[in-house]
Amino acid sequence: MGRNDALRAARLRRGWRSVEAAAGALTKHGQQLLDDRQFTVSARTWRRWEGERPGWPAEGTAIVLHDALGSWPEDLGFTTPSGWIRPEHHEEEQVNRRAFTSITAAALLTGPTAQQHVDPALVDYFQQQLEGHYRADMFLGPHDLIGTVSAQYQLIDKLVRSAKGETRRGLLRAGAAYSALVGWLYQDAGDMDGASFWRGVTQEIAARSRNPHLIGYSLVNQAQVRTDLGDGHAVVELCEAVLDDADRLVPKVRIMAMQQQAHGASLTGERRAVDHLLDQADRLLPNVDDDLPWGNACRRTPGYLEVQRATCYGRLGLSAEAGSLWTQVLAVVPETARRDRGVYMARQATAAATAREPDQAVEIARTVATIAVETRSARMFRELATLERAMRPWHDAPVGRDLSEILAPVTERS
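Rules of the game
- Residues numbered from 1 in each chain as written.
- Predicted model: local features only at pLDDT ≥ 70, side-chain atom pairs only at ≥ 80, totals over all residues.
- Heavy atoms only, no water.
- Axes fitted to C-alpha atoms, helices over the stretch in contact; angles between N-to-C directions.
- Helix = DSSP H or I, 4+ residues; strand = E, 2+ residues; numbered from the N terminus.
- Parallel < 35°, antiparallel > 145°, perpendicular 65-115°, else oblique.
- Left-handed = near helix turned anticlockwise from the far one by under 90°.
- Contact = heavy atoms within 4.5 Å.
- Nonpolar A, V, L, I, M, F, W, Y, C, P; charged D, E, K, R; others polar.
- Phe/Tyr/Trp six-rings, centres within 6.5 Å; stacked < 30°, edge-to-face > 60°.
- Buried < 20%, exposed > 50% of the residue type's maximum accessible area, 1.4 Å probe, protein only.
- Lys NZ or Arg CZ within 6 Å of the ring centre and 35° of its normal.
- 1 Å grid on protein atoms, 1.4 Å probe; cavity = no way out; pocket = protein on both sides within 12 Å on 5 of 7 lines; lining within 4 Å.
- Points joined across faces, edges and corners; volume = space filled by probe spheres on them.

Thoughts on the packing of helix α9 (residues 192-209) against helix α10 (residues 212-228)
For step 1, the next point in the chain: Between α9 and α10, the least distance of the axes is 8 Å, while the angle of their chain directions is 165°. Between α9 and α10, the crossing angle belongs to the class labelled roughly antiparallel. As α9 packs across α10, the resulting crossing turns out to be left-handed. Contacts between α9 and α10 involve Met192, Ala195, Ser196, Arg199, Gly200, Thr202, Gln203, Ala206, Ala207 and Ser209 from the first element and Leu214, Ile215, Ser218, Leu219, Asn221, Gln222, Gln224, Val225 and Asp228 from the second.
For step 2, the next point in the chain: Of the residues belonging to the contact of α9 with α10, the class tally is 8 nonpolar, 9 polar and 2 charged.

Looking at the packing of aromatic side chains
For step 1, the next point in the chain: Throughout the structure, instances matching the rule amount to 10 aromatic pairs.
For step 2, the next point in the chain: The interplanar angle of 85° and the centroid separation of 5.3 Å between the aromatic rings of Tyr153 and Trp198 together place this pair among those described as edge-to-face. Taken together, the positions of Tyr153 in helix α7 (residues 146-160) and Trp198 in helix α9 put the pair 45 residues apart, joining distant regions of the chain. Taken individually, Tyr153 and Trp198 each receive the classification buried, so the pair is uniform in this respect.
For step 3, the next point in the chain: Through a chain of ring-to-ring contacts, the aromatic side chains of Trp16, Trp46, Trp49, Trp56 and Phe78 assemble into a single cluster.
For step 4, the next point in the chain: Above the face of the Trp294 ring, Lys252 is positioned so that its terminal group lies 4.9 Å from the ring centre.

Quick word on the layout of surface pockets
For step 1, the next point in the chain: Reported here for the largest pocket is a volume of approximately 1300 Å³.
For step 2, the next point in the chain: Lining the largest pocket are 50 residues, with Trp184, His263, Gln308, Arg347 and Arg379 sitting closest to its centre.

Here we look at empty space enclosed by the protein
For step 1, the next point in the chain: Considering all chains together, one arrives at 1 cavity of 30 Å³ or more under this definition.
For step 2, the next point in the chain: Of the pockets and cavities examined, the largest cavity occupies roughly 40 Å³.
For step 3, the next point in the chain: If you go around the largest cavity, the residues you meet are Tyr153, Ile156, Asp157, Val160, Leu171, Leu172, Gly175, Ile205 and Arg208.
For step 4, the next point in the chain: Residue assignment for the lining of the largest cavity shows that the elements contributing at least two residues are α7, α8 (165-188) and α9.
For step 5, the next point in the chain: Among the elements that take part in the lining of the largest cavity, α7 stands out by supplying 4 residues, more than any other.
For step 6, the next point in the chain: A per-class count over the lining of the largest cavity returns 6 nonpolar, 1 polar and 2 charged.

Describing the side chain of Asp275
For step 1, the next point in the chain: Here Asp275 is to be found in helix α13 (residues 271-284).
For step 2, the next point in the chain: Beyond its immediate stretch of four places on either side in the chain, Asp275 contacts Arg309 and Tyr313.

Description of the environment of Thr40
For step 1, the next point in the chain: In this structure, Thr40 sits in the loop between α2 (19-34) and α3 (43-49).
For step 2, the next point in the chain: Here the alpha-carbon distance between Thr40 and Thr27, two residues 13 residues apart in the chain, equals 4.8 Å.
For step 3, the next point in the chain: Beyond its immediate stretch of four places on either side in the chain, Thr40 contacts Thr27 and Gln31.

Structure below.
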């Protein structure tokens with residue numbers, strides 16, 4: 001008989017080792033949540049839920065399951081009946097609308113603003129602040145920076161409305177860099193709606209600046225979102241659009257487009273294209289000598305192209321090659337870059353699991369789980385979910401149960 005593995009995995013993450021323990025714990029939880037001493041779930045019922053035909057729980061039980069396990073029944077392997085609407089559906093829609101309104105508020109300053117003098121030195125001020133924000137992102141993760149950086153973008157947008165000539169153009173260039181960073185922060189936080197909105201803002205500001213390097217950079221930013229959405233063909237198309245004007249672009253932007261196109265190729269299963277693009281980018285790397293304040297990951301990130309290659313190999317299922325590259329990369333990435341190290345180590349753990357080395361994967365995951373809880377990086381949460389899927393063959397083994405315990409705090413936070 002088949003099993004409802006989703007519910008079983010959720011039970012184990014919660015620390016409920018047996019069906020009997022789960023039924024007892026859910027009964028107690030439901031009685032407190034619903035203030036109903038009659039609420040009960042038997043071990044027999046839970047056993048049926050984990051079987052081949054789990055059926056569908058009553059609405060009250062669905063609410064208790066969601067409160068206890070953090071997921072609704074349709075995400076726990078139950079058979080969803082037609083017409084089912086989550087109890088919080090309308091409230092969730094209102095929250096999402098409020099959240100999106102707050103996302104756009106910093107970018108869309110409405111109405112005329114009072115004219116003011118804009119000193120040209122402000123362009124340098126905002127550009128110098130960027131490097132500090134990039135460093136802080138590596139240390140802190142996205143959530144603590146979104147408000148700060150988006151507020152600075154709003155100030156830049158306000159100043160642009162009064163600035164003239166080269167000062168206005170300089171502020172537009174700075175504004176594009178700031179909106180790109182806000183878009184990245186939303187992407188790292190797992191809010192793809194917010195990321196897509198801010199990537200669109202970046203593209204608009206870049207076009208207004210008439211700067212070909214920024215326009216190319218903005219398209220690569222759009223391709224990054226498409227990579228996270230798993231749309232490999234769109235990634236390739238956006239990067240090809242950038243590289244159509246390669247002769248006009250500084251090497252840094254060409255490298256960014258090539259490495260992102262390699263990610264697109266990995267999503268469509270084209271290893272030869274991945275290697276060709278990354279080899280081309282590697283040959284260009286010594287030529288990066290511009291003083292542009294944005295898009296400097298290729299200079300700032302140790303083993304930048306090896307990171308991209310290892311990530312692409314992981315997507316392609318080349319676990320041995322990916323694992324070897326991650327070992328090289330992690331030897332040079334500083335401990336202070338905690339968020340990046342956490343993401344890379346999670347990918348390394350998945351490569352180990354895919355290579356049928358579950359003990360190594362779990363040992364790596366111990367460190368990653370701590371970093372994930374600290375930084376709240378949605379990218380890291382997503383990588384750990386990929387690791388869980390790769391570890392499914394050992395679900396019933398002690399090593400699989402160890403992983404469930406290690407990731408329990410991450411599951412609660414994500």
